[in-house]
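A look at the structure
Spelled out, the chains give:
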Amino acid sequence: MALLMDSRLLLRKIKDLRNLTPKRYRVKEKWATTRAKYPSTTLALRHFDSTYDSQLGKLWPSVRVALLSERKYGALLNNFFQHACLEDLESQGCHDFIRDADNEVQPSLEQESGVVAEKESVCVSDNQLLSPLQLSPNIKCLVFPRGNISRFKPARPDKFGLLGYYLMDAASVLPCLALNIQEGHNVLDLCAAPGGKSLALLQTLSLGFMCMNDSSVSRTMRLKRVLKSYVPKERLSDEKLRVTSFDGTMWGEIERNTFDRVLVDVPCTTDRHSVMEDDNNIFKKNRVGERRRLPQLQTELLLAGILAACPGGEIVYSTCTLSQLQNQSVVEQAVHLAHENHGIQLQVVDLRPLTHMFRKTFHFVPDLPLGEMVIPHLAANFGPIYMCKLWRLT
Ligand SMILES: C[S@@+](CC[C@H](N)C(=O)[O-])C[C@H]1O[C@@H](n2cnc3c(N)ncnc32)[C@H](O)[C@@H]1O
C-alpha cells in the first residue's frame, strides 16, 4: 500500500515538473508577426456571435452558454454484443429515449403544414403518401435524464472483443431515425466516418445492403476500426456491407437511381468543436478558403446523394452546425439543381411528427421553415444537429 502511495506521489511530481519545463516544439515557434493573434476558438465564437445573433434571435444567448459547456452523450446499444447492457445502464439512472418517445399524435399538424409549404420555395409534403415513420425497435440509445450531467463509463469488450455501446451525441441518432429504414432496404451513407450514424443504421438489423463511404482515407480507416469493435467478423466480411473511400460529390457518376435510403451527413463548421478545441479547427486562419467553400461542397454532396437515391427513395441531409447557409440554403440550392439539371422532383418531408415524439429529450428550434434542428440547452446539452428529409418523386 505504502509503495503504491509512493509511486503515485512520484508520478504527480513528475507531472508537476513537466508543467514547469517548457515544451519542446518540433517546429520553431512562429515569428510574432505571422503568429495568429487570436486562437481559432475565439475566431469561431466571434463569427457565431455575429451570425447566430440575428439568425436565432433571443435563443442565441442560452444556446451560446450551452455550446461552451460540457456536451451530453448518449449510449447507442450494440445489438451484436453478447451481454445485456440495458439493465446495467438503466440501473445507473439512464433511459432509452427512443423507447420512451411520446407517441401521442400532434394536434393540428396537417393544418400547420400548409402554412409551412406556402413560405417555402421548395414543396413540403404532409407525409400522407409516404410510408409512415416507424421507429426501428432495434435502435436503442440511452441518456441520463434532463439536468443530469453524469458521464458514461467507457464500454468494455466482451469475449469476442466487441463493445456494448457507442458514445455519441444522442441527437445524432435522429437523422438515422428520420431515414425510416424498412426491411431489405439498400442504404448509402455518403460521408460515413468515423461511423456513429452507420452503426445506428446497422442496429436496425433490417438492411438489405449498406455502403459506407468517406473520401478521407485516414477517417475511413477509423470507420473500419469502429466497425471491427462493434460488428462481428462474419457480418463484416458479408457482401451486404461495403466500405468505400470515394469523393462523394462524384457518386452520381458511380451509381445512380440505386438506393432506397441515402444519408448525407456532410462536413460542416462543427460548431461545438469549433468553439471548444483549437486542434483541427476550421476557423484557423489558413483554413478560411476551405470554410468558405463548405456550402458549395455540401450542395454537391447532397445533389450526389439525391442522384444516388432511386425514384421513391428518401434522403436525409444532416449537419452539426446552426448555420442557415450550411443548412436550409444548401437544401434549397440542391433541390433547385436536381430539378433544373436532372429533372428530378423532390418533396421536403415534414419531420414534425419526429420532433414531437422527442420534444422531452431535445430542444428543437420552433417553426424552422425548412428541416428541423436540435439546439444545445444547459438542461439537455445535445446538438446542434440539423436534419432535412427529401422524398425523391421522379
Ligand atoms: C460530419 S462527418 C461524418 C460523420 C459520420 N456520419 C458519423 O456519424 O460518424 C463528415 C465526413 O465527411 C467526409 N467528407 C468530406 N468531404 C467528402 C467528400 N467529398 N466525399 C465524401 N466524404 C467527405 C469527412 O471526411 C468526414 O468524415
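Residues numbered from 1 in each chain as written. Predicted model: local features only at pLDDT ≥ 70, side-chain atom pairs only at ≥ 80, totals over all residues. Heavy atoms only, no water.

Moving on, we get to the site of the ligand. Near the ligand lie 21 residues; those nearest to it are Asp214, Arg219, Asp247, Gly248 and Asp265. The separation between an oxygen atom of the ligand and a polar side-chain atom of Asp214 is 2.7 Å. Surface burial for the ligand is 86%, taken as the share of its 600 Å² of free accessible area covered by protein chains. Of the pockets mapped on this structure, the ligand occupies the largest pocket. Among the secondary structure elements, those contributing two or more residues to the shell around the ligand are helix H7 (196-202) and helix H13 (294-308). Class assignment of the residues belonging to the shell around the ligand gives a composition of ten nonpolar, six polar and five charged. (Near = heavy atom within 4 Å. Polar contact = N/O pair within 3.5 Å; in protein donor to acceptor, adjacent residues only side chain to side chain. Areas by Shrake-Rupley, 256 points an atom, 1.4 Å probe, with all protein chains shown as cover. 1 Å grid on protein atoms, 1.4 Å probe; cavity = no way out; pocket = protein on both sides within 12 Å on 5 of 7 lines; lining within 4 Å. Sits in = over half its atoms within 2 Å of the grid points. Helix = DSSP H or I, 4+ residues; strand = E, 2+ residues; numbered from the N terminus. Nonpolar A, V, L, I, M, F, W, Y, C, P; charged D, E, K, R; others polar.)

Confidence in the prediction for the chain averages 89 pLDDT; 85% of positions are at 70 or higher. Within the model, pLDDT remains below 50 along residues 110-121, and this stretch shows 14 contacts once partners closer than five positions in the same chain are excluded. (pLDDT = per-residue confidence, 0-100. Contact = heavy atoms within 4.5 Å.)

Attention now goes to the pattern of salt bridges. This structure, assessed with the given rule, holds 13 salt bridges. Its salt-bridge partner being Glu90, residue Arg99 comes within 3.0 Å of it at the nearest N-O pair. Classification of Arg99 as partly exposed rests on a relative accessible area of 47%. By relative accessible area, Glu90 is classed as partly exposed at 28%. A salt bridge links Arg242 to Glu255; the shortest N-O distance between them is 3.3 Å. Here Arg242 is found in strand E8 (residues 241-244), whereas its partner Glu255 is found in the loop between helix H10 (251-254) and strand E9 (259-265), with 13 residues between them in sequence. Assessed through its relative accessible area of 31%, Arg242 is described here as partly exposed. Looking at Glu255, the relative accessible area reads 19%, which means it is buried. The network of salt bridges with shared partners includes Glu90, Arg99 and Asp100. (Salt bridge = Lys/Arg side-chain N within 4 Å of Asp/Glu carboxyl O. Buried < 20%, exposed > 50% of the residue type's maximum accessible area, 1.4 Å probe, protein only.)

Further remarks concern the sheet that holds strand E5 (residues 165-168). Strand order in the open sheet formed by four strands is E2-E4-E1-E5, and the pairing between neighbours is antiparallel. A single partner strand is all that each edge strand has here, and the edge strands are strand E2 (95-96) and E5. In the sheet, E2 pairs with strand E4 (residues 141-143) via two bridges, with the strands oriented antiparallel. Bridged to His95 within E4 is Val143. (Pairing = 2+ DSSP bridges.)

With an omega of 5°, the peptide bond running from Ala193 to Pro194 counts as cis. Mapped onto the secondary structure, Pro194 falls in the loop between strand E6 (186-189) and H7. Omega for the peptide link from Gly383 to Pro384 comes to 5°, which places this bond in the cis form. Phi angles above zero are rare outside glycine, and Leu205 is one such case at about 60°. Following the sequence through the fold, Leu205 ends up in the loop between H7 and strand E7 (209-213). Residues other than glycine seldom take positive phi values, yet Asn280 does so here, at roughly 50°. Of note, Asn280 is situated in the loop between helix H11 (271-276) and helix H12 (288-292).

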